[in-house]
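# Structural characterization, general
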Amino acid sequence: MKKIITAIDNTEINEKLKKEKNLKVICKDIIYKEGILEQIEKNNEIEIIIIDEEISGEISTKELIKKIKEKIKNIEIIIITKNKEKIEKEISKFKKIKIYETNKIKIKKLLEIINSKKIEKFEKNQEKEIITISGARGVGKSITTLILSNINLDQKTLIIDYNPIENQDLSTILKKDKNKELEKINSKLDILTTNKIEKIKVNIKNKYKRIFIDLGDNKNKEEILEISTKNIIITEANLIGIKKTTKIINENIKKEKILLIINKINENSIDKKIIKEIFKKIKIIGEVKVNNKYEKIINKKEINIKKVLKKEEKREIEKILKEITKI
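In this report, the structure presented in the accompanying data block is examined. (Residues numbered from 1 in each chain as written. Predicted model: local features only at pLDDT ≥ 70, side-chain atom pairs only at ≥ 80, totals over all residues. Heavy atoms only, no water.)

## A look at helix α4 (residues 84-91)
Within the span of α4, buried status applies to K84, E85, I87, E88 and I91. Down the axis, α4 shows its buried residues gathered within 165° of arc, on one side only. Elements that come into contact with the buried residues of α4 comprise α3 (61-71), β4 (76-81), β5 (97-101), α9 (222-227) and β11 (230-236). (Buried < 20%, exposed > 50% of the residue type's maximum accessible area, 1.4 Å probe, protein only. Helix = DSSP H or I, 4+ residues; strand = E, 2+ residues; numbered from the N terminus. Arc of directions from axis to C-beta. Contact = heavy atoms within 4.5 Å.)

## With respect to helix α1 (residues 11-18)
For α1, every residue scored as buried is listed here: I13, N14 and L17. Along the long axis of α1, the arc covered by the buried residues comes to 100°, so they all point the same way. Opposite the packed face of α1, turned more than 90 degrees from it, sit the exposed residues T11 and E12. On the buried face of α1, the contacting elements are β1 (2-7), β2 (23-25), β3 (48-52) and α5 (107-115). Capping the start of α1, N10 holds a side-chain oxygen 3.3 Å from the backbone nitrogen of E12, two or three residues further along. (Polar contact = N/O pair within 3.5 Å; in protein donor to acceptor, adjacent residues only side chain to side chain.)

## Description of the environment of D190
If you trace the backbone, D190 turns up in strand β9 (residues 189-193). Assessed through its relative accessible area of 6%, D190 is described here as buried. Residues D190 and Y208, spaced 18 residues apart in sequence, show a C-alpha to C-alpha distance of 9.2 Å. The residues touching D190, leaving out its near neighbours within four places in the chain, are K156, T157, L158, I159, L182, E183, K184, I185 and Y208. Here the side chain of D190 touches Y208 through a polar contact of 2.7 Å, side chain to side chain.

## Quick look at the packing of α1 against α5
Contact geometry for α1 and α5: axes closest at 11 Å, N-to-C directions at 55°. Accordingly, the angle class assigned to the pair α1 and α5 is oblique. Where α1 crosses over α5, the two elements pack in a sense that is right-handed. Only I107, L110, L111 and I114 of α5 make contact with α1, whose side of the interface consists of I13, K16 and L17. Along the lines of polarity and charge, the residues of the contact of α1 with α5 split into six nonpolar, no polar and one charged. (Axes fitted to C-alpha atoms, helices over the stretch in contact; angles between N-to-C directions. Parallel < 35°, antiparallel > 145°, perpendicular 65-115°, else oblique. Left-handed = near helix turned anticlockwise from the far one by under 90°. Nonpolar A, V, L, I, M, F, W, Y, C, P; charged D, E, K, R; others polar.)

## Comments concerning the sheet that holds β4
Reading across the sheet, the five strands line up as β2-β1-β3-β4-β5 and stay open at both edges, with parallel pairing between neighbours. The strands lining the two open edges of the sheet, one partner per strand, are β2 and β5. Strand-to-strand twist across the sheet, computed as the mean angle between neighbouring axes with direction ignored, equals 25°. Relative to β4, β3 runs parallel, the two being bridged by five bridges. In the sheet register, D52 faces β4, and the bridge partner there is I80. (Pairing = 2+ DSSP bridges.)

## Side note on a positive patch on the surface
Where like charges cluster on the molecular surface, the positive patch consists of K62, K66, K67 and K93. Looking at where K62 falls in the secondary structure, it is placed in helix α3. (Patch = residues over 30% accessible without salt bridge, like charges linked within 9 Å, V, L, I, M, F, W, Y side chains within 5 Å. Areas by Shrake-Rupley, 256 points an atom, 1.4 Å probe, with all protein chains shown as cover. Salt bridge = Lys/Arg side-chain N within 4 Å of Asp/Glu carboxyl O. Lys, Arg positive; Asp, Glu negative; His and termini not counted. Charge placed at Lys NZ, Arg CZ, Asp CG, Glu CD.)

## Considering the pairing of strand β13 (residues 283-289)
As paired strands, strand β12 (residues 258-265) and β13 are joined by five bridges and run parallel to one another. Within the sheet, the bridge partner assigned to I265 lies in β13 and is K289. For the segment spanning β12, helix α11 (residues 272-278) and β13, crossover handedness is right-handed. (Right-handed = clockwise from strand over helix to strand, strands pointing away.)

## Section: the environment of K104
Turning to its location among the elements, K104 is positioned in the loop between β5 and α5. A C-alpha to C-alpha distance of 9.6 Å links K104 and T81, two positions 23 residues apart in sequence.

## Comments concerning the pattern of salt bridges
One pass over the structure, following the stated rule, counts 11 salt bridges. Of the charged contacts in the structure, one is a salt bridge between K3 and E45, with a shortest N-O distance of 2.6 Å. Taken together, the positions of K3 in strand β1 and E45 in the loop between α2 (33-42) and β3 put the pair 42 residues apart, joining distant regions of the chain. A salt bridge links K18 to E15, with the nearest nitrogen and oxygen atoms 3.2 Å apart. Placement of the pair is K18 and E15 together in helix α1, with a separation of three residues, close to one helical turn. Judged by relative accessible area, K18 falls into the partly exposed class, the value being 37%.

In structure tokens, the structure reads:
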């Protein structure tokens, strides 16, 4: 029987946990952070603490976990948060941490996390940038992924073509060997072609510092979005493009991570001010003009992308990369 305390400002959940045969809830639900420290002073046999990061207290979540771990080194901590990315950065150095990202605690899900033996899989990968690229078919996801991954290759980068077999556009552009899942493009860039999430998780753990995932038309996206650090959505600046992009945003489970790129801009495109008003809650990080030379990238195996881009386009892509990195 696991000894557990809750600090979630939720008496109902605390009472439901008391009914579980494999759990022993030590005390009433704690409503402030300092109360956790008071409780572990009384009882150093506590095995699990469930903490809602939003409960009141003068101490930060990071400092709280540090103090808890100093008292009970091997204690397991479950943090309930609305912003997993923020918490991961704060607590990445601590062990035996589980994160439950939610706006409303559900007892069934909480019990799954309590009983799971798996600690956060990606807590050691916080220096990695895992960037998903989404958008309607034909909007330019593959070309954008290829350009972003090839500019300023100062660190080991992986492109993942996460698509149904018939729609692996990136692999087609790069004339990738169909018999190889993972292939070297150059000394700093590899490409992985797969529609299996487990293959992606295994390769994310490898030596790569920056990972671009072209989500393509794959319908099973939630797990990938869950582990991403940034989620770029590409839209065209026309009524059909905006309608399709609105649908993609509404379906996205990680709205706080969304960044928008306006692609294929020409003289007939809808004005950026109007697009900003339509997507007022989404950060627009760049605009890319139509470039007929992109056909060279598609039709040739080896192409110097920097030569294809005009100077202003290269500056815009570099600006986009800086925005991705700093946010």
